Amino acid sequence: MAMQMPGPSIRVKPQPDIYTLLLVVAILLLLVAVGVVMYNLMTNYGMSVGEIFSGKLPGLPAK
């Protein structure tokens, strides 16, 4: 059973810590990696953004 404390209760917002920083860094690195892969596909393989997300490989006959 929880004890009731006398007086008003003040809730404090938790402060960001090292895990928040690591999560932000991981998200940024993931976005950079996706950007590098898309840049590589568009420059080296001549694919457009639509071709990248269509799921079809360029140069192969459609079934």
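Keep in mind that this is a model prediction, so the values were computed, not measured. (Residues numbered from 1 in each chain as written. Predicted model: local features only at pLDDT ≥ 70, side-chain atom pairs only at ≥ 80, totals over all residues. Heavy atoms only, no water.)

*Asks:* Kindly report on a nonpolar patch on the surface, identifying the contributing residues and their values.
*Replies:* A cluster of nonpolar side chains, I18, Y19, L21, L22, V25 and L29, forms an exposed patch at the surface whose accessible area comes to about 640 Å². By the element assignment, I18 lies in helix α1 (residues 18–44). (Patch = residues over 30% accessible without salt bridge, like charges linked within 9 Å, V, L, I, M, F, W, Y side chains within 5 Å. Areas by Shrake-Rupley, 256 points an atom, 1.4 Å probe, with all protein chains shown as cover. Salt bridge = Lys/Arg side-chain N within 4 Å of Asp/Glu carboxyl O. Helix = DSSP H or I, 4+ residues; strand = E, 2+ residues; numbered from the N terminus.)

*Asks:* Account for the environment of E51, naming residues and giving values.
*Replies:* Take E51: it is sitting in helix α2 (residues 49–54). Judged by relative accessible area, which is 34%, E51 ranks as partly exposed. Sequence separation of E51 and L41 is ten residues, and the distance between their C-alpha atoms is 9.8 Å. Ignoring anything within four residues of it in the chain, the contact list for E51 reads G46 and K56. At 2.9 Å, the side chain of E51 forms a polar contact with the backbone nitrogen of S48. (Buried < 20%, exposed > 50% of the residue type's maximum accessible area, 1.4 Å probe, protein only. Contact = heavy atoms within 4.5 Å. Polar contact = N/O pair within 3.5 Å; in protein donor to acceptor, adjacent residues only side chain to side chain.)

Don't take any of this as a statement about function, it's just geometry.
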